[in-house]
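# Fold and contact review
Residue strings, one per chain:
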Amino acid sequence: GNMKRNQDPKADDIEKLMHRFPHLRVAYIDNIRINRAGASVYYSVLLKSDGQGNIQEVYRVRLPGNPVIGEGKPENQNHAMIFTRGEFLQ
């Protein structure tokens, strides 16, 4: 998302981890500006490594608004709940 667009070195580190551990999935919140007035659309995105050195998007789910309202950490973790299944939920 924003880290990749801003050429943040952390984005490269995350990508290396995804290639080294191909079963690792990364979820993040992506916001896309839809007009010049500043209105944005928010998506919850799940990524994985395809094993060939590429990162591919598995799911992209549109969110009803900005999920980070108060404290950033709990809402940031809760947006990824839609990608979980089985007993991985705590």
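Summary of the structure given here. (Residues numbered from 1 in each chain as written. Predicted model: local features only at pLDDT ≥ 70, side-chain atom pairs only at ≥ 80, totals over all residues. Heavy atoms only, no water.)

## Considering the pairing of strand E1 (residues 25-33)
- Examined bridge by bridge, E1 and strand E2 (residues 40-49) share nine bridges and lie antiparallel to one another. Across the sheet, Asp-30 pairs through a bridge with Tyr-43, a residue of E2.
- The turn linking E1 back onto E2 is made up of six residues, and Gly-38 within it adopts a positive phi angle of 100°. (Pairing = 2+ DSSP bridges. Helix = DSSP H or I, 4+ residues; strand = E, 2+ residues; numbered from the N terminus.)

## What to know about the environment of Met-81
- Relative to the helices and strands, Met-81 is located in the segment after helix H3 (72-78).
- Put simply, Met-81 and Ala-27 are 54 residues apart on the chain and 9.6 Å apart in space, counted from C-alpha to C-alpha.

## Here's the deal with the sheet that holds strand E3 (residues 55-63)
- Spatially, three strands are ordered E1-E2-E3 in an open sheet, and the strand pairing comes out antiparallel. The open sheet has two edge strands, E1 and E3, and neither has a second partner. Averaged over all adjacent pairs, the angle separating strand axes in this sheet is 30°, with direction ignored.
- Along the sheet, helix H2 (residues 9-20) contacts E1, E2 and E3; its crossing angle with E2, the most-contacted strand, is approximately 40°. (Axes fitted to C-alpha atoms, helices over the stretch in contact; angles between N-to-C directions. Contact = heavy atoms within 4.5 Å.)

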